[in-house]
Amino acid sequence: QVQVVESGGGLVQAGGSLRLSCAASGSIFSINAMHWFRQAPGKERELVATITSGGSTHYADSVKGRFTIARDNAKNTVYLQMNSLKPEDTAVYYCAADMRIKSWDYERRQWGQGTQVTVSS
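Computed from a predicted model, the values in this text were never measured in an experiment. (Residues numbered from 1 in each chain as written. Predicted model: local features only at pLDDT ≥ 70, side-chain atom pairs only at ≥ 80, totals over all residues. Heavy atoms only, no water.)

A. Representation of the overall build of the chain within the structure. Along the backbone of the chain there are zero helices and eleven strands. Counting helices and strands in the order they occur from the N terminus, the chain gives β-β-β-β-β-β-β-β-β-β-β. For the chain, whose C-alpha radius of gyration is 14 Å, the value lies close to the compact-globule estimate of 14 Å for 121 residues. Its C-alpha atoms give the chain principal-axis dimensions of about 50 × 25 × 25 Å. Partitioning the intrachain contacts of the chain with sequence separation of at least 6 by distance along the chain shows that 56% fall at a separation of at least 24. (Helix = DSSP H or I, 4+ residues; strand = E, 2+ residues; numbered from the N terminus. Rg over C-alpha atoms; globule rule 2.2 N^0.38 Å. Contact = heavy atoms within 4.5 Å.)

B. Structural context of the state of the cysteines. Per the stated rule, a full pass over the model turns up one disulfide. Across the disulfide, Cys22 is cross-linked to Cys95 (sulfur-sulfur distance 2.0 Å). Residues Cys22 and Cys95 share a disulfide whose torsion about the S-S bond is about -75 degrees; that sign makes it left-handed. Placement of the pair is Cys22 in strand E3 (residues 18-25) and Cys95 in strand E9 (residues 91-100), with a sequence separation of 73 residues. (Disulfide = S-S within 2.5 Å.)

C. Broad picture of the environment of Ala60. Mapped onto the elements of the fold, Ala60 is located in the loop between strand E6 (57-59) and strand E7 (67-72). Excluding its chain neighbours within four sequence positions, the residues that come into contact with Ala60 are Leu47 and Val48.

D. Region of the structure containing the pattern of salt bridges. As enumerated under the stated definition, the model contains seven salt bridges in all. The salt bridge involving Asp61 is made with Lys64; its shortest N-O contact spans 3.2 Å. Here Asp61 and Lys64 have matching classes, each one exposed. The shortest N-O distance in the salt bridge between Glu107 and Arg100 comes to 3.8 Å. One salt-bridge network, in which partners are shared between bridges, spans Arg38, Glu46, Arg66 and Asp89. (Salt bridge = Lys/Arg side-chain N within 4 Å of Asp/Glu carboxyl O. Buried < 20%, exposed > 50% of the residue type's maximum accessible area, 1.4 Å probe, protein only.)

E. Representation of the nonpolar core in the model. Counting 32 residues, the largest nonpolar core has Trp36, Leu80, Met82, Tyr93 and Met99 as the members making the most contacts within it. Counting only elements with at least two residues in this core, the list comes to E3, strand E4 (30-39), strand E5 (46-51), E7, strand E8 (77-82), E9 and strand E11 (115-120). Counting residues per element, this core draws most heavily on E9, which supplies five residues. (Core = buried A, V, L, I, M, F, W, Y, C linked by side-chain atoms within 4.5 Å.)

F. Geometry of the environment of Pro87. Turning to its location among the elements, Pro87 is positioned in the loop between E8 and E9. Along the primary structure Pro87 and Gly42 are separated by 45 residues, whereas in three dimensions their C-alpha atoms are 15 Å apart. Each residue touching Pro87, except ones within four places of it in the same chain, is listed here: Ala14, Val119 and Ser121.

Written out as structure tokens, the structure reads:
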């Protein structure tokens, strides 16, 4: 059984920092890109950051220069370092991993359950 589990959310004041972690576990053949999404109340889920297996990164304009995505391929883990947090960063943050369970399997996106990040003003 494959699991994707996030941790590290919480309550922080504006200007503060948080570090999210996400680990994929179970019988996994390979992981391609890993992503962080977020969804604020009443809004659609949006892509925050992506990192490929080779380390290339992409960020939403709203977080560029403040957030950093990184991964440890040996641990199937992705991180999101969030600095200079703003109240508008408040959301449930979801991790997603694009993976193959078997070598012959198609690539699928496995989602975590989400972790709440709340930034107070």
